[in-house]
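# Architecture at a glance
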Amino acid sequence: MPAKPAPEQLDNRAAAAAADTAAAAPLRVVSPQGRLLAAVVLVFGIVLGAPHQLLIVAALVALVLLVAYIVQVSIRRILLRSLVVLPISGMISLFWPLRLVQQWNLDGLASAYAQGWSQMLTLIITPWLCVLVMMLLIATCHQADLLYAVKRLHLPHVLVLLLSFMYRYADTLRAQLRASHRALAARAPKMGTRRQVLLYGNLAGSMLVRAYDRGERIHAAMLARGFNGILTHKREERIGTPDIALILGAALLSVALYLV
Amino acid sequence: MSCSIVYDKVSYTYPDGTQALRELSFTLDHGEHVALLGPNGAGKSTIMLLSNGVLLPSSGSVTVGTVTLAKDTLVPIRQRVGLLFQDPDDQMFMTTVRDDVAFGPLNQGLAAAEVEQRVWQALQDVGLDEQADKAPQELSFGQRKRAALATILAMEPDFLILDEPSSNLDPRGRRRMMELVRKLQHTVLIATHDLDMAWELLPRSIIIDAGQVIAIGPTQELLCDEALLEAHGLEPPAAVRYGAVGRRTDR
């Protein structure tokens, strides 16, 4: 087996790798927690400012996409993923004017929607912009780094553990679901909808039991390696100048959004 | 420092009333590589969980070196006994391979530089240093098995307790895992149904059934005893079945 490198050699290797990464993607000089903080500040700005003027919205979208272009992540992917919020925000927006209805007839409804259309627009645009910013954040961070950043920002320990496990085991759960689905399909090529619903209900139940079993085994594995309830982490990144610059930029933009 | 594990009349009953072990006794001596053989439900996993203190015996004692397993000795015992679970997805729960391998050393309270060194060495030993920053779910099954082994090697334990290290591996993955096991300098107990691996790698075997020790002895001698194997849900390895060595059916 090759000889162990000295710790300083390891540090140099890590530094060289970091420098390569930084050269490839400018945003990577900013730590994950810096990026996360900047994104949260910007989301606050969007929520408080609730921009709905076309020019401001267009400028914000252009800014997010410009950053995506600079850091070389897929603009199309970010845009598509951000649409995930539209069914929910669309539904809320659709029903919002009903609170303005004074007479429950056709005229009353028309009048309420005429009064509330700008709020409707805001209810769609604001969450979409927030999700767009978050999608950019997710695209520029490895999930593990993001989880670490969340931990560094002092989110409750249990929540960080839960998020880590959700990320780690989502694929395993998906694979188990797929396997169970195939097993069902293989033995029941023709099945009525009612029966299918019942079977999938059972499947969900069995998934829950399996997840519980796995949880027990994972806990045993954690105990076996000295786990004492605290998830220790070896990375000790601190917020540096590029982080502060990015967070300040986001804060200024937020203030501007609020004032406009 | 004494490097043996002594099971002395150990019994264990699960909370649902299932008695998994009944007054079971055996000793693992320093540097030995031993196979733990037996049918499903024989109590192999319970023995493994007891070795590391994940379970505590209902009666009898488990002594690791000079330390007897009890609630207040869990920390020193877990530092000395590394436990490898059968399913690497149970073993590896962190978001990257590097973080997972670092988990044990960090819990030992080691300094960051030492942890980094151990992580690098363990991953190098199992041939996965290039995969350190991947998420465990991004590795192949064989790679995950080896990474799981790295997670305990990084803790530098004196004893390794491995549960089915070669199960579900393709021939190349199995061979690679066997090479890794062969190189281990630790005292090793391997629970396995892979009798060919036991035949090839593990000089001594313990056969258990229904929570009791049935036989202890040289692996190749026990695995030639067809009647013994058949009585306890096992079958001879290929070397015996295909006539490389003589069978014994007189037991």
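Quick note: structure is the one above.
Definitions and cut-offs
Residues numbered from 1 in each chain as written. Chains lettered and ligands numbered in written order. Predicted model: local features only at pLDDT ≥ 70, side-chain atom pairs only at ≥ 80, totals over all residues. Heavy atoms only, no water. 1 Å grid on protein atoms, 1.4 Å probe; cavity = no way out; pocket = protein on both sides within 12 Å on 5 of 7 lines; lining within 4 Å. Points joined across faces, edges and corners; volume = space filled by probe spheres on them. Helix = DSSP H or I, 4+ residues; strand = E, 2+ residues; numbered from the N terminus. Nonpolar A, V, L, I, M, F, W, Y, C, P; charged D, E, K, R; others polar. Core = buried A, V, L, I, M, F, W, Y, C linked by side-chain atoms within 4.5 Å. Buried < 20%, exposed > 50% of the residue type's maximum accessible area, 1.4 Å probe, protein only. Contact = heavy atoms within 4.5 Å. Buried area = accessible area lost by both parts, 1.4 Å probe. Salt bridge = Lys/Arg side-chain N within 4 Å of Asp/Glu carboxyl O. Polar contact = N/O pair within 3.5 Å; in protein donor to acceptor, adjacent residues only side chain to side chain. Expected span 1.5 Å × (residues − 1). Arc of directions from axis to C-beta. Patch = residues over 30% accessible without salt bridge, like charges linked within 9 Å, V, L, I, M, F, W, Y side chains within 5 Å. Areas by Shrake-Rupley, 256 points an atom, 1.4 Å probe, with all protein chains shown as cover. Pairing = 2+ DSSP bridges.

Taken as a whole, the second largest pocket holds about 530 Å³ of empty space. Around the second largest pocket, the lining comprises 18 residues; the ones closest to its centre are A:E216, A:R217, A:A220, B:L49 and B:F85. The set of elements that each furnish at least two residues to the lining of the second largest pocket consists of α9 (193–224) of chain A together with α1 (44–51) and β6 (81–84) of chain B. Counting residues per element, the lining of the second largest pocket draws most heavily on α9(A), at six residues. Class assignment for the residues of the lining of the second largest pocket results in nine nonpolar, three polar and six charged.

Residue and element names in this part refer to chain B. Counting 48 residues, the largest nonpolar core has L37, V101, L123, L149, L162 and I207 as its most contacted members. When residues of this core are assigned to their parent elements, the largest contribution, six residues, is made by helix α6 (residues 141–153). Sequence-distant contacts of L149, defined by excluding residues within four places in its chain, comprise L84, V126, L162, M177 and L180. Counting 44 residues, the second largest nonpolar core, distinct from the first, contains I5, F26, A42 and F93.

Right, let's get into the interface of chain B and chain A. The interface of chain B with chain A comprises 41 residues on the first partner and 36 residues on the second. Carbon and sulfur atoms make up 57% of the surface buried where chain B meets chain A, a total of about 3,400 Å² over both sides. Together, B:F93, B:Q117 and B:Q137 form the three largest contributors to the area buried by chain B at its contact with chain A, with a combined 19%. Inspection of the region where chain B meets chain A yields five salt bridges. The closest approach of N and O atoms between B:D100 and A:R225, which form a salt bridge, is 2.7 Å. At the boundary of chain B and chain A, one finds 11 residue pairs in polar contact (both at pLDDT 80 or more). Secondary structure elements with two or more residues in the side of chain B that touches chain A: β6, α3 (88–91), α4 (97–107), α5 (112–125) and α6 of chain B.

This structure, assessed with the given rule, holds 17 salt bridges over all chains. A salt bridge links B:E200 to B:R182; its shortest N-O distance comes to 3.2 Å. In this pair, B:E200 is assigned in helix α8 (residues 195–201) and B:R182 in helix α7 (residues 171–183), connecting sequence segments 18 residues apart. Through salt bridges with shared partners, one network takes in A:R214, A:R217, B:D87 and B:D90.

Residue and element names in this part refer to chain A. When the terminal C-alpha atoms of helix α3 (residues 54–70) are compared, their 24 Å separation across 17 residues agrees well with the 24 Å that a helix rising 1.5 Å per residue should span. Of all the positions in α3, only V57, L60, V61, V64, L65 and A68 are classed as buried. Projected onto a plane normal to the axis of α3, the buried residues spread over an arc of 125° and lie on a single side. In α3, those exposed residues whose orientation departs by more than 90 degrees from the buried face are L55 and Y69. The secondary structure elements touched by the buried residues of α3 are α2 (32–49), α4 (75–82), α6 (106–140) and α10 (241–259). Positive backbone phi, approximately 60°, marks Q72, located one or two places after α3.

Our next topic: a nonpolar patch on the surface. Residues and elements named next belong to chain A. Together, V40, F44, L48, V255, Y258 and L259 line one region of the surface with nonpolar side chains, adding up to about 650 Å² of accessible area. Tracing the sequence through the fold places V40 in helix α2. Under the relative-accessibility criterion, V40 is labelled partly exposed at 31%.

Residues and elements named next belong to chain B. Pairing of strand β1 (residues 5–13) with strand β4 (residues 59–64) involves five bridges; the strand directions are antiparallel. By the bridge assignment for β4, V6 is matched with T63. Across two bridges, the pairing between β4 and strand β5 (residues 67–68) is antiparallel. Across the sheet, the residue bridging to T63 is T68, located in β5.

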